[in-house]
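What follows is each chain in one-letter form.
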Amino acid sequence: MGNRLSKIYTRTGDKGTTGLGDGSRVDKDSLRVEAYGTTDELNSIVGMILSESEVAEPLKTMLLEIQHDLFDIGAELCVPGHSVITEAFVQRLEQQIDELNQDLPYLKEFILPGGNRAATTCHLARTVCRRAERRVLTLSR
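Residues numbered from 1 in each chain as written. Predicted model: local features only at pLDDT ≥ 70, side-chain atom pairs only at ≥ 80, totals over all residues. Heavy atoms only, no water.

Let's talk about the overall build of the protein
Stage number 1. Counting its regular elements, the protein contains four helices and two strands.
Stage number 2. Counting from the amino terminus, helix and strand elements in the protein follow one another as β-β-α-α-α-α.
Stage number 3. Once the C-alpha set of the protein is aligned to its principal axes, its extents read approximately 50 × 35 × 30 Å.
Stage number 4. Per-residue burial over the protein gives 24% buried out of 141 residues. (Helix = DSSP H or I, 4+ residues; strand = E, 2+ residues; numbered from the N terminus. Buried < 20%, exposed > 50% of the residue type's maximum accessible area, 1.4 Å probe, protein only.)

Things to note about the pattern of salt bridges
Stage number 1. Scanning the entire structure with this criterion turns up five salt bridges.
Stage number 2. We note a salt bridge from R135 to E34, for which the minimum N-O separation is 3.5 Å. With R135 in helix α4 (residues 117-140) and E34 in helix α1 (residues 31-50), the pair connects residues that are 101 residues apart, well separated along the chain.
Stage number 3. For R135, a relative accessible area of 27% gives the class partly exposed.
Stage number 4. With relative accessibility at 33%, the residue E34 sits in the partly exposed group.
Stage number 5. Across the salt bridge formed by E52 and R117, the nearest N and O atoms sit 3.8 Å from each other. One end of the pair, E52, is in the loop between α1 and α2 (59-78); the other, R117, is in helix α4, with 65 residues separating them in the sequence.
Stage number 6. Several salt bridges share partner residues, and in doing so they unite E65, D69 and R92 into one network. (Salt bridge = Lys/Arg side-chain N within 4 Å of Asp/Glu carboxyl O.)

A word on the packing of α1 against α4
Stage number 1. Look at α1 against α4: their axes get within 9 Å of each other, and the N-to-C directions meet at 165°. The orientation of α1 with respect to α4, classified from their angle, is roughly antiparallel. Crossing of α1 against α4: the hand is left-handed.
Stage number 2. Taken together, the residues of the contact of α1 with α4 break down into 15 nonpolar, four polar and five charged. (Axes fitted to C-alpha atoms, helices over the stretch in contact; angles between N-to-C directions. Parallel < 35°, antiparallel > 145°, perpendicular 65-115°, else oblique. Left-handed = near helix turned anticlockwise from the far one by under 90°. Nonpolar A, V, L, I, M, F, W, Y, C, P; charged D, E, K, R; others polar.)

What follows is the structure in structure tokens.
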């Protein structure tokens, strides 16, 4: 087992900065913190989806794998210059999306967010994912 945190606070961020994975400190509202914070938010929303009884296998397994991926992405964003995301990662995710979409009818119009709790939480995850993408893109520039 890895290191276990005995406290959930460090008192090192009281002056508006936070520590990154490489030990450097940045403002809590920096682009990097915003990017990995939004990724963390998305991970929490995926957890909300997983808590719903309407979600069936194999989607639960896929979403759990995505949670681990999001955790890795957050770690990559937390350590400047660190890279864990590979082309294989992107290809695997695109293949999963293609598999999920193969039996769906063609969309003829936009879909209003709604449905059961799991479906509406998926819509929330979609919008937070798009925000995370924008934050990461801004950081990369």
